[in-house]
Amino acid sequence: MRLKLLFLLALGLFTGNVHAQSHRFEAETGQMFGTLVRNTVPGYSGTGYVTDFTSASDRFQLQANIPAGLYEMWVGYRSQFGEKGYTFHVNGETGNGMFDQSMTWAEDRAGLFSIPNGTSTLGIQHNWGYYDIDYLEF
């Protein structure tokens, strides 16, 4: 689906809504599965960040209301122990990304997503682990 949307955008045939407004969802407001919320490393947004991605099942997910349209998803992160792979989930679509090493908070572009009307389910799962997540932004 994502590849098809990119192709249509490249051809100029996509007529759906593309939003310029951003929608940020703080990771710490989600539901934790083996992960923890902390606030010890300064520079995060919101009230904290999600950490302790140390086993394969560790993840967080949240419910978000985003107007229907085409969005880039950005992940606010910190990866002090080197480059790290992560797995993202957006409404049942799963993919992988790679965080560059960063001792401070940074952003990674996870991809382009078509978001339908209604509530969306978003999340990040372990993969390589040993990183911190601040937010998901569309």
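The structure under discussion appears in the preceding block.
Residues numbered from 1 in each chain as written. Predicted model: local features only at pLDDT ≥ 70, side-chain atom pairs only at ≥ 80, totals over all residues. Heavy atoms only, no water.

### Considerations on the pairing of strand E10 (residues 119-125)
Regular strands place their side chains on alternate faces of the sheet.
Then comes step 1: Where strand E5 (residues 59-65) and E10 come together, 7 bridges link them in antiparallel fashion. Its bridge partner lying in E10, Leu 62 is registered against Leu 122.
Then comes step 2: Relative to E10, strand E7 (residues 84-90) runs antiparallel, the two sharing 4 bridges. Note that in E10 the partner of His 89 across the bridge is Gly 123. (Pairing = 2+ DSSP bridges. Helix = DSSP H or I, 4+ residues; strand = E, 2+ residues; numbered from the N terminus.)

### Considering the pairing of strand E8 (residues 93-99)
Then comes step 1: Pairing between E7 and E8: 7 bridges, direction antiparallel. Looking at the pairing, Phe 88 lines up with Gly 95 of E8.
Then comes step 2: The hairpin formed by E7 and E8 contains 2 residues between the paired strands, and Asn 91 there has a positive phi angle of roughly 50°.

### Overview of the nonpolar core
Then comes step 1: Among the nonpolar cores identified, the biggest contains 25 residues, and Phe 60, Val 75, Leu 122, Ile 124, Ile 133 and Phe 138 are the most heavily contacted of them.
Then comes step 2: Within the residue set of this core, elements represented by two or more residues are E5, strand E6 (69-79), E7, strand E9 (102-115), E10 and strand E11 (132-137).
Then comes step 3: Element by element, the count of residues in this core is highest for E6, at 4 residues.
Then comes step 4: Other than its neighbours up to four places away in sequence, Phe 60 contacts Ala 27, Gln 31, Met 32, Thr 35, Val 50, Phe 53, Leu 122, Gly 123, Ile 124, Ile 133 and Leu 136. (Core = buried A, V, L, I, M, F, W, Y, C linked by side-chain atoms within 4.5 Å. Buried < 20%, exposed > 50% of the residue type's maximum accessible area, 1.4 Å probe, protein only. Contact = heavy atoms within 4.5 Å.)

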